[in-house]
Amino acid sequence: MISNSAKVTTIGTFDGVHIGHQKILNIVVTLAKKKGYTPVVLTLFPHPRMVLQKDDSIKLLNTIDERIALLKSFGIEAVIVKEFTKEFADLSAEDYVKNILVDELNTKQIVLGYDHHFGKNRSANIKDLKTFAARYDFKVKEISAQDIKDVTVSSTKIRNALNQGEVALANSFLGYNYFITGTVIKGKSLGRTIDFPTANISIKESYKLIPSDGVYVIQSQIENKTIFGMMNIGSNPTVDGKTRSIEVHFFNFNANIYNTELKIEFLKRLRSEQKFKNLDALKLQLKTDKVNALNYIGTLHV
């Protein structure tokens, strides 16, 4: 149930909730505080391309649950998720403004980019919104071209960086460590035979962007403690693996965490995935990876 309080609302996908988005959220939260209103984000899910073009290839930086949690962490008090359907896409611009923004949300101020389009066939623009604002008694705060450019550029750069495995670069655009959220499931227990037991991570949302194959330094909060480790993303070519998997070896940690949901943050990429001639060669490389990971982790506490 949405409260009937007056709201400052912004609208968007906000995939990644990165530093460009954070500027917009800051404007919303500041305006709301000043006026005594509730800061709100209206976001759509699934992504319009998934529905209108039936595009299953699209990869998003956040699952919808991750997106909601991130938005709230930046001061947004209510995240309204509207299911994007063909019927929703057919709403006229005025129906969208009156029925959803005004009647349903009680929006008193809308914060949007100068290039925002909405309504059926995305036919209405910020000029139309200002006309509706006069008609339905709300204000429009227009975000500058430069700030919108920052938002657009950042999203593309983050996806490209992660697809190249450049997690440190992606993290600099996000303003936080890129992360995945998944459940620990039973694997083949091969890691135990070479003294590197791993937690196999299953992510149920197929649209979540997984960084490129390779070995990464990671961290996770387990039982209120920060546990570091290294993660392998790939198909385990040394043992002729066929499917892509995500496996984490945690350092100095051996508790049973099967069926636990973990948030795992990417800190640094160590190397690309390789095929070794045998398990002994793989074990030797993993020992080197661990030393390199621990050396990097040591620099984080200076």
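Above this text sits the structure in question.
Below is a short write-up of the structure.

Observations concerning the overall build of the protein chain
A count of helices and strands for the protein chain gives ten helices and eleven strands. Oriented by its inertia axes, the alpha-carbon framework of the protein chain measures out at about 75 × 45 × 35 Å. Here the protein chain holds 302 residues, and the buried ones make up 48% of them. Residue pairs in contact within the protein chain that sit at least 24 positions apart in sequence constitute 72% of those at least 6 positions apart. When the accessible surface of the protein chain is summed, it comes to about 15500 Å², and 50% of that surface belongs to carbon and sulfur atoms. Side-chain charges in the protein chain split into 41 positive and 31 negative, and the spacing between the mean points of these groups amounts to 3 Å.

Quick word on the packing of aromatic side chains
Taken as a whole and assessed by the stated rule, the structure comprises eight aromatic pairs. Here the aromatic rings of Tyr216 and Phe266 are separated by 5.2 Å at their centres, their planes lie at 90°, and the arrangement is edge-to-face. Of this pair, Tyr216 sits in strand β8 (residues 214-222) while Phe266 sits in strand β11 (residues 261-271), and the two are 50 residues apart along the sequence. This pair shows no difference in class: Tyr216 is buried, exactly as Phe266 is. Taken together through their ring pairs, the aromatic side chains of Phe84, Phe88, Tyr96 and Phe118 make up a single cluster.

A short note on the sheet that holds strand β1 (residues 7-11)
Strand pairing in a sheet relies on backbone hydrogen bonds. The paired strands run either parallel or antiparallel. The five strands lie next to each other as β3-β2-β1-β4-β5, forming an open sheet whose pairing is parallel. The sheet is open, and its two borders are formed by β3 (78-83) and β5 (139-143), each paired with just one other strand. Sheet twist, expressed as the mean angle between neighbouring strand axes with direction ignored, is 25°. Bridge analysis of strand β2 (residues 38-45) against β3 gives six bridges, and the strand direction is parallel. By the bridge assignment for β3, Phe45 is matched with Glu83. Packed on one face of the sheet, helix α3 (residues 64-73) meets β2 and β3 and runs near 165° to β2.

With respect to a positive patch on the surface
On the surface, Lys34, Lys35, Lys139 and Lys141 cluster together into a patch of positive charge. Contributions of two or more residues to the positive patch are made by α1 (19-35) and β5. Tracing the backbone through its elements, the reader meets Lys141 in strand β5. According to the relative accessible area criterion, Lys141 is partly exposed, its value standing at 36%.

Quick word on the packing of α1 against helix α7 (residues 145-163)
What describes two packed helices is the angle between their axes and the distance between those same axes. Running from N to C, α1 and α7 cross one another at 145°; their axes reach a closest spacing of 7 Å. Side by side, α1 and α7 meet where Gly20, His21, Lys23 and Ile24 of the first sit next to Asp147, Ile148, Asp150, Val151 and Ser155 of the second. Residue composition of the contact of α1 with α7, grouped by class: three nonpolar, three polar and three charged.

Considerations on the nonpolar core
If you look at the biggest cluster of nonpolar residues, it comprises 49 residues, and the most contacted ones within it are Ile180, Ile201, Met231, Phe250 and Phe266. The biggest single contributor to this core is α1, with six residues. Counting residues in each nonpolar core, the second largest holds 27 residues, with Val40, Val97, Val102 and Tyr136 among its members.

Quick look at unusual backbone geometry
A cis amide bond links Phe45 to the next residue, Pro46, at an omega of 0°. Along the chain, Pro46 falls in the loop between β2 and α2 (48-52). One non-glycine residue, Asn252, lies in positive phi territory at about 50°. Position of Asn252 among the secondary structure elements: in the loop between β10 (245-250) and β11.

Comments concerning the sheet that holds β10
Strand order around the closed barrel formed by six strands is β6-β7-β10-β9-β8-β11, with antiparallel pairing between neighbours. This sheet shows a mean twist of 45° between the axes of neighbouring strands, independent of strand direction. Sheet topology places β8 next to β11; six bridges connect them, and they run antiparallel. Pairing of Ile218 across the sheet is with Phe266, part of β11. Docked against the sheet, helix α10 (residues 279-299) engages β8, β9 (225-234), β10 and β11, running at close to 100° with respect to β11.

Considerations on the packing of helix α5 (residues 93-104) against helix α6 (residues 126-136)
Orientation of α5 relative to α6, taken along the N-to-C sense of each, is 50°, at an axis distance of 11 Å. Accordingly, the angle class assigned to the pair α5 and α6 is oblique. Here α5 runs over α6; the crossing is right-handed. Residues Ala93, Glu94, Val97, Lys98 and Val102 of α5 lie in contact with α6, whose contacting residues are Leu129, Phe132, Arg135 and Tyr136.

What counts and what doesn't
Residues numbered from 1 in each chain as written. Predicted model: local features only at pLDDT ≥ 70, side-chain atom pairs only at ≥ 80, totals over all residues. Heavy atoms only, no water. Helix = DSSP H or I, 4+ residues; strand = E, 2+ residues; numbered from the N terminus. Buried < 20%, exposed > 50% of the residue type's maximum accessible area, 1.4 Å probe, protein only. Contact = heavy atoms within 4.5 Å. Areas by Shrake-Rupley, 256 points an atom, 1.4 Å probe, with all protein chains shown as cover. Lys, Arg positive; Asp, Glu negative; His and termini not counted. Charge placed at Lys NZ, Arg CZ, Asp CG, Glu CD. Phe/Tyr/Trp six-rings, centres within 6.5 Å; stacked < 30°, edge-to-face > 60°. Pairing = 2+ DSSP bridges. Axes fitted to C-alpha atoms, helices over the stretch in contact; angles between N-to-C directions. Patch = residues over 30% accessible without salt bridge, like charges linked within 9 Å, V, L, I, M, F, W, Y side chains within 5 Å. Salt bridge = Lys/Arg side-chain N within 4 Å of Asp/Glu carboxyl O. Nonpolar A, V, L, I, M, F, W, Y, C, P; charged D, E, K, R; others polar. Core = buried A, V, L, I, M, F, W, Y, C linked by side-chain atoms within 4.5 Å. Parallel < 35°, antiparallel > 145°, perpendicular 65-115°, else oblique. Left-handed = near helix turned anticlockwise from the far one by under 90°.

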